[in-house]
Amino acid sequence: MQKYEKLEKIGEGTYGTVFKAKNKETHEIVALKRVRLDDDDEGVPSSALREICLLKELRHKNIVRLFDIMISEKKLTLVFEYCDQDLKKYFDSCQGEVDANIVKSLMYQLLRGLAFCHANNVLHRDLKPQNLLINKDGELKLGDFGLARPFGIPVRCYSAEVVTLWYRPPDVLMGAKIYTTSIDMWSAGCIFAELSNGGRPLFPGSDVDDQLRKIYKILGSPSEDTWPGMTTLPEYKDYGFHSPVSLSHVVPKLPSVGRDLLQKLLVFNPSMRMAADVAMNHQYFNDLNPSIKN
Amino acid sequence: MAANFWLSTHYKYWLLTKEELVISAGRQEDLKYLTAEEYQKVHILYANFIQALGEHLKHRQQVIAAATHYFKRFYSKNSLKNIDPLLLAPTCLYLASKVEENGVISNNRLIQTCATVVKNKFMAVFNCEYPYRINQVYECEFFILELMNCCLILYHPYRSITQYVREMSEDDNFLSLAWRIVNDSLRTDVCLLYPPYQIALAAIYMACVVKNKDASEFFKELCVDMEKILEITQEILKLYEILKNYDDKKEMPGILAKAPKPKTSSRPSSSATTNSQYLSQSPVVSSQSGTPR
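Residues numbered from 1 in each chain as written. Chains lettered and ligands numbered in written order. Predicted model: local features only at pLDDT ≥ 70, side-chain atom pairs only at ≥ 80, totals over all residues. Heavy atoms only, no water.

**Some thoughts on the overall build of chain A**
Counted only if it meets this: Working definition: helices are DSSP H or I runs of at least four residues, strands are E runs of at least two. Numbering for both runs from the N terminus. Each radius of gyration is computed over the set of C-alpha atoms, and the globule rule expresses the reference value as 2.2 Å times the number of residues to the power 0.38. Contact between two residues is taken to exist if any of their heavy atoms lie within 4.5 Å; hydrogens are not considered. Method for areas: the Shrake-Rupley scheme with a 1.4 Å probe, in which residue coverage is limited to the protein chains shown. All tallies of charge rest on Lys and Arg as positive and Asp and Glu as negative; His and the ends of each chain are not included. A single reference atom marks each charge: NZ on Lys, CZ on Arg, CG on Asp, CD on Glu.
Looking only at helices and strands, chain A has ten helices and eight strands in total. The C-alpha atoms of chain A give 19 Å as radius of gyration, which agrees with the globular expectation for 294 residues (19 Å, within 12%). Taken along its principal axes, the extent of the C-alpha atoms in chain A is 60 × 45 × 35 Å. Put simply, 64% of the contacts in chain A that link residues at least 6 apart link residues at least 24 apart. When the accessible surface of chain A is summed, it comes to about 12,800 Å², and 51% of that surface belongs to carbon and sulfur atoms. When the 38 positive and 38 negative side-chain charges of chain A are each reduced to one mean point, those points stand 2 Å apart.

And the structure:
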């Protein structure tokens, strides 16, 4: 622990406190995540173990880098690359307006990080603005892989922060247990709309019912025609008929080619949702600044 | 997570050479007390113990294989006297069940299972009730994490086996034979020495011999290094030779008595707390430093 000097508390993660710290030798700024160990519970939390071992295998510029793991008696500290803020804080700082080029750049980087995870058979399962880190160079990195496991809905909530439903796809809301990369693509769609609307969440539901209603009100209600098998989901409920709202009202600042991409991400039927690598080649990104593409 | 083996920590840090195994200080220490064959029998015993625990807990074979592999990693760098294998074995299974997404075993259940399995299947070998408690498992978990430098994702031969067998259009019977050979291979050092796809191919090669099938075309097309496959085959055949006369009740108590142990000669009693009395000295930690930048 002597190697690092704690500077300030940044926040509470899924399983422990996060500090900003400085490497005393190199003066490099890092984020330290202390893993909380409940003595009579489960040893090292499985969420922490999942995150540690996945991040040890995944190395990509759009995935937060795990530099080191410090193990001492009864203490486990993860040393991460430091990012200045998360997307949620970024939204707070830009007062309801994100530049269209930045929307495009951040969305592209989100998709590129996801495409890499998915190519490596890793699902993030808990994408939300708080888990997307942005550094001072405008680079976006996927963080908090603590819930990257098969039944991604957290079994328990360690922090006071309520785990949000807002980015959860309708199939998972209706109790689907077998999900694939499509789970992250729905979340990516929600975040895309939120980016374009300067940080206003697309589907801010208060509970599962309300969440599904909010989705139906905007996208229209799905049917067995558009989504075969929907009615057989364990928690399927009928919320009455809704017709879809034009996306030009939902994301007014997004050009039509961007709305087309959004439409292809926010698809009820998980098997029809666009994949991350395909989405990266969508024509919305044709005029992306080439320096971001490499 | 079955991405690219060649970029994995398994490939980068945890494929050892035979020389590395031989010169490992831990193993050299153990071989002062045990012959090479006796040493392997200790590993056979504990692989069987992990298998029995895993089956009792209804774990998938991948979880059991991961636990056995962790166990072997630990003692590839440490002597048996650094941590009592009777404690390390369930700890490895506990860790593997968390990593391999098998759901967490409740801590009562883990120790209860150890007690039951020791009582029902290994009483004659260990000659005592299961002596450890969950806090000691937690403590031990730290040592194994540290030793492996948290490289916990493993690649198993099972996936490759299923693929190859499908390509050869062999039946389930053949698959389960090859699969069992892979299970057996966990009682040798091959998982520390060879990439999983080579172990899978060696198991298929052996299954072909057993079933009298000519697979020379199949192996020719694969362009694999047959020398490696034969080396693995030799290791597994050596194991079968040992297993022919292996009777844990008869010989293991004697071998375990000779094996180096943590210094406090008596195992912690049931009233023991977590004061590390079962650790004689700090286990060796990983030589690789952190994540390379």
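From this point, the discussion proceeds with the structure in view.
**Here's the deal with the sheet that holds strand β5 (residues 75–81) of chain A**
Remark on secondary structure: sheet strands pair via backbone hydrogen bonds, oriented parallel or antiparallel. Formally: At least two DSSP bridges between two strands are needed for those strands to be called paired. Helix axes use the C-alpha atoms of the stretch in contact, all axes being lines fitted to C-alpha atoms, and the angles between their N-to-C directions lie in the range 0 to 180 degrees.
Ordered in space as β1-β2-β3-β5-β4 (chain A), the five strands form an open sheet in which the pairing is antiparallel. Each having just a single partner strand, β1 (4–12) and β4 (66–72) of chain A make up the two edges of the open sheet. Here the average twist between neighbouring strands, direction ignored, is 25°. Against the sheet, helix α1 (residues 46–57) of chain A makes contact with β3 (29–35), β4 and β5 of chain A, and its axis sits at roughly 135° relative to β4(A), the strand it touches most. Helix α9 (residues 134–147) of chain B contacts β4 and β5 of chain A of the sheet and is inclined by roughly 140° relative to β4(A).

**Details of the packing of helix α3 (residues 100–119) of chain A against helix α5 (residues 182–196) of chain A**
Residues and elements named next belong to chain A. Formally: For classification purposes, angles smaller than 35 degrees are called roughly parallel, those larger than 145 roughly antiparallel, those between 65 and 115 roughly perpendicular, and all remaining angles oblique. Basically, the charged four are Asp, Glu, Lys and Arg, the nonpolar ten are Ala, Val, Leu, Ile, Met, Phe, Trp, Tyr, Cys and Pro, and anything else, Gly included, counts as polar.
At their nearest, the axes of α3 and α5 sit 10 Å apart, and the two run at 170° to each other. Taken together, the axes of α3 and α5 are roughly antiparallel relative to one another. On the side of α3, the interface is formed by V103, L106, M107, L110, L111, L114 and H118, while α5 contributes D184, M185, A188, I191, F192, L195 and S196. For the contact of α3 with α5, a count of residues per class yields eleven nonpolar, two polar and one charged.

**Points about the pattern of salt bridges**
All names here are of chain B. Counted only if it meets this: Basic side-chain nitrogens of Lys or Arg form a salt bridge, by our definition, when they fall within 4 Å of a carboxyl oxygen of Asp or Glu. Summary of the burial criterion: residues with accessible area below 20% of their type's maximum are buried, those above 50% are exposed, and those between are partly exposed, where the area comes from a 1.4 Å probe applied to protein chains only.
Here the structure, examined in full by the defined rule, presents 27 salt bridges over all chains. Note that R27 and D189 form a salt bridge whose closest N and O atoms lie 2.7 Å from each other. You can see R27 sitting in helix α3 (residues 25–33) and its partner D189 sitting in the loop between α11 (172–185) and α12 (190–193), a full 162 residues away along the chain. Both residues of the pair, R27 and D189, count as buried.

**As for the sheet that holds strand β6 (residues 85–86) of chain A**
All names here are of chain A. The antiparallel open sheet is built from three strands, whose spatial order is β6-β7-β8. Strands at the two margins of the open sheet, each flanked by one partner only, are β6 and β8 (140–142). In this sheet, strand β7 (residues 132–134) lies alongside β6 in antiparallel orientation, the contact comprising two bridges. Each residue of the ladder has a partner; that of Q85, found in β7, is I134. Each of β7 and β8 touches α3; the most contacted strand, β8, lies at about 30° to it.

**Digging into helix α15 (residues 226–244) of chain B**
Residues and elements named next belong to chain B. Definition in use: A helix is expected to span 1.5 Å for every residue after the first.
In this model α15 runs 27 Å from its N-terminal to its C-terminal C-alpha over 19 residues, within 8% of the 27 Å that 1.5 Å per residue would give. Within α15 the residues assigned to the buried category are I229, I232, T233, E235, I236, L239 and I242. For α15, the elements touching its buried residues are α2 (18–23), α4 (36–56), α11, α12 and α13 (196–210).

**Remarks on helix α8 (residues 256–265) of chain A**
Residue and element names in this part refer to chain A. Basically, it comes down to this: By definition, the arc is the one covered by directions from the helix axis to the C-beta atoms.
Among all positions in α8, only G258, L261, L262 and L265 are buried. Buried residues along α8 cover an arc of 100° about the axis, so they all sit on one side. In this fold, the buried residues of α8 make contact with α3, α5, α7 (247–250) and α9 (276–280).

**Here we look at the domain arrangement of chain B**
Residues and elements named next belong to chain B. Heads up, the rule is: Just so you know, the domain bounds were taken from an automatic or database domain assignment. Summed over both partners, the accessible area lost on bringing two parts together, with a 1.4 Å probe, is the buried area.
Domain assignment breaks chain B into domain 1 (18–153 + 248–257) and domain 2 (157–245). Listed as interface residues are 19 residues of domain 1 and, on the opposing side, 17 residues of domain 2. When domain 1 packs against domain 2, close to 1,600 Å² is buried across both sides, 62% of that on carbon and sulfur atoms. Counting the surface domain 1 buries against domain 2, the share from its top three residues, K18, Q40 and K72, is 32%. Summed over the shared surface of domain 1 and domain 2, the result is three salt bridges. Of all elements in the fold, only α2, α4 and α5 (61–77) reach the threshold of two or more residues within the side of domain 1 that touches domain 2. The biggest single contributor to the side of domain 1 that touches domain 2 is α5, with eight residues. Across the side of domain 1 that touches domain 2, the residue classes tally to four nonpolar, eight polar and seven charged.

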